[in-house]
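Summary of the model geometry
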Amino acid sequence: MSSPATLPDRILLPLRFDVGQMRLDLARLEAGEWMLHFVKQNFDGDWSVIPLRGPAGATHPVMMIYSDPACTDFADTPFLARCEYFPEVLAAFPFPLDCVRLMKLTPGSVIKEHCDHDLAFETGAVRIHVPVTTNPDVDFRLNGDRLDLREGSAWYLRLSDPHSVANRGETDRVHLVIDARRSPELDAWIATLDLETEVMA
């Protein structure tokens, strides 16, 4: 079976993760580790990051979260070494991973509508979201549609399309955000997906 040439803008992937174990890892990292996202024009409020994988050789946390499009060599960060379950989550994806980050949006914060032009399967990159903590008042929109991204699920999202997030609830929204580029392993995995049943609005 060959990989499709194009993908839908959202795919609920056939993976489920233990929310309790993810939250235990989150608690191991939270105290004083969050760094404000560096693209400040894209949000209002507090949108912050903890890097779990980043450019190989980066020693400062700011450089660990820097998304250098020319980088081809990635490595786990010391933050991931403090975790017990997140390495198991990452191992569930049978293809090479680039950057992996925890991304937190605090109550009242908004990620403005924007497009990440390089984040599409069709142009050579994928981004996967695994919600760790969320609440019913998080409004994540992709191409104008509100998505129901539940804790412990995993989603491919084509974020070269317009998307936005507003946390109108009273608790943090934290996603594990996984980036990978097209590879034979990724294409082979995509080819195994039943896109008729795994695509959900």
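For the structure itself, consult the block above.
A few points on the structure. (Residues numbered from 1 in each chain as written. Predicted model: local features only at pLDDT ≥ 70, side-chain atom pairs only at ≥ 80, totals over all residues. Heavy atoms only, no water.)

Let's talk about the nonpolar core
Judged by nonpolar contacts, the single largest core of 38 residues is most densely connected at Leu 52, Phe 86, Phe 93, Leu 102 and Leu 176. Among the elements of the structure, α1 (19-29), β4 (47-55), α3 (78-81), α4 (86-91), β6 (100-105), β8 (125-133), β13 (173-181) and α5 (184-191) are those that each provide at least two residues to this core. When residues no more than four places from it in sequence are discounted, the contact partners of Leu 102 are Leu 26, Leu 29, Trp 34, Ser 48, Val 49, Ile 50, Leu 52, Phe 86, Val 132, Val 174, His 175 and Leu 176. (Core = buried A, V, L, I, M, F, W, Y, C linked by side-chain atoms within 4.5 Å. Buried < 20%, exposed > 50% of the residue type's maximum accessible area, 1.4 Å probe, protein only. Helix = DSSP H or I, 4+ residues; strand = E, 2+ residues; numbered from the N terminus. Contact = heavy atoms within 4.5 Å.)

A word on the sheet that holds strand β9 (residues 138-142)
Judged by pairing direction, the sheet is antiparallel, and its five strands sit side by side in the order β3-β7-β12-β9-β10 without closing on themselves. Looking at strand neighbours, the two that pair on one side only are β3 (43-44) and β10 (145-147), the edges of this open sheet. In this structure, β9 lies alongside β10, joined through three bridges in antiparallel fashion. Residue Leu 142 lies in a different strand from β10, and its bridge partner there is Asp 145. (Pairing = 2+ DSSP bridges.)

Brief notes about the pattern of salt bridges
Evaluation of the coordinates by the stated rule reveals 16 salt bridges. Residue Arg 101 is joined to Asp 179 by a salt bridge in which the shortest nitrogen-to-oxygen separation is 3.6 Å. With Arg 101 in strand β6 and Asp 179 in strand β13, this pair connects stretches of sequence that are 78 residues apart. Of the residues examined, Arg 101 reaches a relative accessible area of 5% and is grouped as buried. On the basis of relative accessible area, Asp 179 is assigned to the buried category, the value being 9%. Between Asp 161 and Arg 158 there is a salt bridge; the shortest N-O distance is 2.8 Å. Residue Asp 161 shares its accessibility class with Arg 158, and that shared class is buried. (Salt bridge = Lys/Arg side-chain N within 4 Å of Asp/Glu carboxyl O.)

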